Amino acid sequence: MTNTFCPIPWIFQAVRSNGDLRVCCQANVTKNKGVIRKSNGTAYNSGVDNLQEARNAELMKNIRSNMLHGKWSEECGRCQREEDNGLTSRRQYENVQWKYSIVDALTDTASDGSIDIEKTPVIYYDLRFGNFCNLKCRMCGPSDSNAWFEDWIKLTGKNTFNDTSGEITIENVNGKLCASDFDWPNNESFWQQLEANVHNIEHVYFAGGEPMLIERHYEFLQKCINVDAAKNITVEYNTNMSTLPPRVIKLWEKFKHVRVGASIDGMDKVLEYQRYPAKWDKLHKNLTTLDSMPENIQSWFAFTVTAYNVFHMVDFMKWKLQESNFKRISGTKSKPIVSHHVAHNPEHLNIRVLPPELKIIATKKFDDFVQWVEDNNYPDYVLRSARHIRNGIIKYMNSESYYEEYWDYFVTYTKSLDKMRNESLIDIEPIFEGHFK
Ligand code: SF4
């Protein structure tokens, strides 16, 4: 096997929130953000284009060809860098996950990198349903959530923002702010194409916007059940947990596996601050329901680490272990506390933006947490996980500084949103007092 082969360009298809098709979310690292384009430069878009056609676009053919010749494509730079640094890349993970191997790929691929799209169907989808969401999280923006539109206009003084399809205009239609670029999930042809492939599908990852608010997604689940395909399919979500309708729980019963990443990155006021206007009590109630789900439903805390909540994260992890009573959510031996990821963007909320003296305090808090886990005689796998979380976050935070470039904007941005939302960072995280002039 070459050391660059990855099954993703053969068996997978990914849709950005604006409907543009891309290689995979890891390929986001290029200037083009890994988007698959036609020869005239426009992106293949799920709202208007044929999904199958995009699979043999130039970019896809080149990436396959490179992989079969042991070369890295620019789009795969993140996986390459992670492997160079001794980390496990998505490429390595996907090679373990899927049976589709380089032997299959060599048989299925023509010399120009094209494949027979009927013979090699898509078995794995990553679908981000527009930007329809009920929250306007501080680390998000108008591409991620339409709830952000009003604050975006107030914050920037502009009714436009950029995405992979170019400049997007926020329009006021009868008093409602909207951007039609994100309406692509209403395109019936997209769903028909997905349903036509339903017997080949093994895994669908749904994210947003907020997937639980997308009506057509429920119909898709029902369709999988009706044609007896659900028993072969794993459905996976990233959801903000603001709603967990009984009907989705009923539908999930019929699927092979359900995997739910609960986007929870704090408790009480910290969560409400980062994920405005979420209400902790409601989320907690839904988490309690999620924790009592049947065996085919696996769930975890998908904790996004930002400059706002990195200090609180330690309290959250102690709460998870000691008080929460959650047994199923983040209850596996490999990840018994949380599944975290650092918010790389926006840079002004990245933990690297913190002043050196606050980084020292954060480092100590995480060191003390590891000691606390040790002192409280938690099993070895919990201690291993605590160390892993500590090392990942602290090493990342301290390896570079964004302070000079972005701290002033962190302060301006935070104060502006605080004013608009009648909130205060100092109230929810007093550690910033004295650093926040
Ligand atoms: S190697 Fe990495 S970036 Fe490239 S397709 Fe595979 S997962 Fe995506």
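It should be emphasised that the depicted structure is a prediction, and the values quoted were computed from it without experimental measurement.

### Structural notes on the site of the ligand
1) Next: Inspection of the region around the ligand gives 14 residues, with C6, C24, C76, C79 and R91 positioned closest.
2) Next: For the shell around the ligand, the secondary-structure elements that each account for two or more residues are α1 (8-11), α4 (77-84) and α5 (90-97).
3) Next: Residue contributions to the shell around the ligand peak at three residues, all from α5.
4) Next: Looking at the shell around the ligand residue by residue, the class counts come to eight nonpolar, one polar and five charged.

### Structural notes on the environment of D20
1) Next: Among the structural elements, D20 can be located in the loop between β1 (12-15) and β2 (21-22).
2) Next: Through-space distance from the C-alpha of D20 to that of L283 is 31 Å; in sequence the pair is 263 residues apart.
3) Next: Other than its neighbours up to four places away in sequence, D20 contacts V35, A43, N45, T164 and S165.

### Some details on the sheet that holds strand β9 (residues 234-239)
1) Next: Taken in spatial order, the eight strands make up an open sheet running β2-β1-β3-β8-β9-β10-β11-β12, and their pairing is mixed. Bordering the open sheet on either side are β2 and β12 (339-342), each of which pairs with just one other strand.

### What to know about the domain arrangement of the protein chain
1) Next: Each assigned domain of the protein chain is listed here: domain 1 (8-127), domain 2 (146-182) and domain 3 (289-332 + 344-437).
2) Next: Each of domain 1 and domain 3 has a C-alpha centre, and the two are 33 Å apart.

### Observations regarding the environment of K119
1) Next: Locating K119 in the fold gives a position in the loop between α6 (102-108) and β3 (124-128).
2) Next: As for K119 and S263, which are separated by 144 residues in sequence, their C-alpha atoms are 37 Å apart.

### A short note on the nonpolar core
1) Next: Counting residues in hydrophobic clusters, the biggest one holds 99 residues, and the most contacted among them are I36, F206, I233, A262, F301, A307 and M317.
2) Next: The element contributing the most residues to this core is helix α13 (residues 310-322), with seven residues.
3) Next: Contact partners of A262, with chain neighbours within four places excluded, come to T239, M241, L287, L290, S299, W300, F301, A302 and I329.
4) Next: Residues F182, W184, F190 and L194 belong to the second largest nonpolar core, which totals five residues.

### Here we look at the environment of P211
1) Next: Position of P211 among the secondary structure elements: in the loop between β8 (203-207) and α9 (215-226).
2) Next: Separated by 29 residues in the primary sequence, P211 and N240 place their C-alpha atoms 9.0 Å from one another.
3) Next: Not counting chain neighbours up to four residues away, the residues in contact with P211 comprise F129, F206, H217, Y237 and T239.

### Quick word on unusual backbone geometry
1) Next: With an omega of -5°, the peptide bond running from Y276 to P277 counts as cis.
2) Next: Of note, P277 is situated in the loop between α11 (268-274) and α12 (280-291).
3) Next: N345 connects to P346 through a cis peptide bond whose omega is -10°.
4) Next: Within the element layout of this structure, P346 appears in the loop between β12 and α14 (356-375).
5) Next: Phi is positive for N325, close to 70°, though the residue is something other than glycine.

### Some thoughts on the packing of α13 against α14
Angle between the axes and distance between the axes: these two values describe a pair of packed helices.
1) Next: The N-to-C vectors of α13 and α14 enclose an angle of 10°; their axes lie 9 Å apart at closest approach. As judged from the angle between their axes, α13 and α14 are roughly parallel. Here α13 and α14 pass one another in a crossing that is left-handed. Contacts between α13 and α14 pair V310, F311, V314, M317 and K318 from the former with A362, K365, F366, F369 and W372 from the latter.
2) Next: The residue makeup of the contact of α13 with α14, split by class, is eight nonpolar, no polar and two charged.

### Quick look at the packing of α14 against helix α15 (residues 380-398)
1) Next: Here α14 crosses α15 at 170°, and the two axes come no closer than 9 Å. The pairing of α14 with α15 is recorded here as roughly antiparallel in orientation. Judged by residue contacts, K359, A362, T363, F366, D367, F369, V370, V373 and E374 of α14 engage V382, L383, A386, R387, R390, I393, I394, M397 and N398 from α15.
2) Next: In terms of residue class, the contact of α14 with α15 is built from 11 nonpolar, two polar and five charged.

### A word on α9
In an α-helix, one turn spans 3.6 residues; hence positions three or four apart end up facing the same way.
1) Next: The end-to-end C-alpha distance of α9, which contains 12 residues, comes to 17 Å, matching closely the 16 Å that a straight helix rising 1.5 Å per residue would cover.
2) Next: Listed as buried for α9 are H217, L221 and C224. Seen along its axis, α9 keeps its buried residues to an arc of 60°; they face one direction. Projecting away from the buried face of α9 at angles above 90 degrees are the exposed residues E215, E219 and N226.

### Describing the pairing of β3
1) Next: With four bridges connecting them, β1 and β3 associate as parallel partners. If you follow Q13 over to β3, its bridge partner there is Y125.

About the cut-offs
- Residues numbered from 1 in each chain as written.
- Predicted model: local features only at pLDDT ≥ 70, side-chain atom pairs only at ≥ 80, totals over all residues.
- Near = placed C-beta within 6 Å.
- Helix = DSSP H or I, 4+ residues; strand = E, 2+ residues; numbered from the N terminus.
- Nonpolar A, V, L, I, M, F, W, Y, C, P; charged D, E, K, R; others polar.
- Contact = placed C-beta atoms within 7 Å.
- Pairing = 2+ DSSP bridges.
- Domains from an automatic or database assignment.
- Core = buried A, V, L, I, M, F, W, Y, C linked by C-beta atoms within 7 Å.
- Buried ≥ 20, exposed ≤ 12 C-beta atoms within 10 Å, placed from the backbone.
- Axes fitted to C-alpha atoms, helices over the stretch in contact; angles between N-to-C directions.
- Parallel < 35°, antiparallel > 145°, perpendicular 65-115°, else oblique.
- Left-handed = near helix turned anticlockwise from the far one by under 90°.
- Expected span 1.5 Å × (residues − 1).
- Arc of directions from axis to C-beta.

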